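Fold and contact review
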Amino acid sequence: MNGFALHGLEHLSATSLNLYAAAPALWVVEKLLRRRAPVGAAAHRGTAAEHGVSLGLFDPALPVADCQAAALAEFDRISALSADPNRAKEREAIPAIVEMALAELRQYGVPTNPPEGKHQHRVEIRLDDIAVPIIGYQDFVWDAHGIVLDLKTQLRLASDISAPHARQGAVYVAGTNRQMRFCYATPKKVAVYALADVPAQLAILRAIAIRLERFLRLSGDAHELAALICPDFESFWWSSPEARALGKEVYGF
């Protein structure tokens, strides 16, 4: 039996594979033990800003101020129980991020509507020798331009597409003639980068997936697999107190 079936994993995602590559100990906690620490305020900032930008793209006549207000309301809703000390700082950045992103992306016109009842476009691909599909969800699609675009919000502008984002974007346009772009938006700047060499990124994802399956095949017991690896609590992935507490509970130190 392949490792994915052994643990009841019916699909993968670029996000999951990126997590395994960066922090396998956390991957085991989240994907096998089904334990998850609350996400931080930065993640809530991204979700809320994307909500406001989406409203403004699909309704070009909607004032930017209304999009900003909707984004702030969404942030307040999803972060209401957050204990993250950076909550106020992340909230403060949202209105300017929404304004910057809309100024850039409204030039593309109105995006293609997702399927009825959905907020994003679902994609599913297969990679050679990987027993389960890889799924993803595209933020924005412009069929008329042949463009798929993913919005990333930051406090400091990235100078290029990060390696994890490149692998994520490759899933979104695999097997198509569409161009994958990433819009990085901060409160002061915005930049759009086009993804190059999609096959190379898919090859990396495949390599990660092969290694993950081999690891999973070692045992059907998630706790036994956890006993084979060590978490690095100094890494970004374990930065929240909740995550470190969960890691200590699982790994014993």
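Refer to the structure printed above.
Residues numbered from 1 in each chain as written. Predicted model: local features only at pLDDT ≥ 70, side-chain atom pairs only at ≥ 80, totals over all residues. Heavy atoms only, no water.

1. Structural notes on the pairing of strand β7 (residues 190-194)
Residue alternation in β7 divides its side chains into a buried set, Ala191 and Tyr193, and an unburied set, Val190, Val192 and Ala194. The pairing of strand β6 (residues 179-185) with β7 spans 5 bridges and is antiparallel. Looking across to β7, one finds that Tyr184 is bridged to Ala191. Linking β6 to β7, which pair antiparallel, is a turn of 4 residues. (Buried < 20%, exposed > 50% of the residue type's maximum accessible area, 1.4 Å probe, protein only. Helix = DSSP H or I, 4+ residues; strand = E, 2+ residues; numbered from the N terminus. Pairing = 2+ DSSP bridges.)

2. Looking at the packing of aromatic side chains
Aromatic ring pairs are defined here through the distance separating the ring centres and the angle between the ring planes. Applying the stated criterion across every chain yields a total of 9 aromatic pairs. Centroid distance Tyr108 to Trp142: 4.9 Å. Interplanar angle 40 degrees. Geometry classified as tilted. Linking Tyr108 in the loop between α6 (87-105) and β2 (121-125) with Trp142 in strand β4 (residues 140-142), this pair joins segments that are 34 residues apart in sequence. Across the pair, exposure class does not vary: Tyr108 and Trp142 are buried alike. Judged by centre distance (5.0 Å) and plane angle (80 degrees), the ring pair of Phe233 and Trp238 falls under edge-to-face. Residue Phe233 shares its accessibility class with Trp238, and that shared class is buried. Here a set of aromatic residues connected by ring pairs shows up, and it is made of Tyr20, Trp27 and Phe215. (Phe/Tyr/Trp six-rings, centres within 6.5 Å; stacked < 30°, edge-to-face > 60°.)

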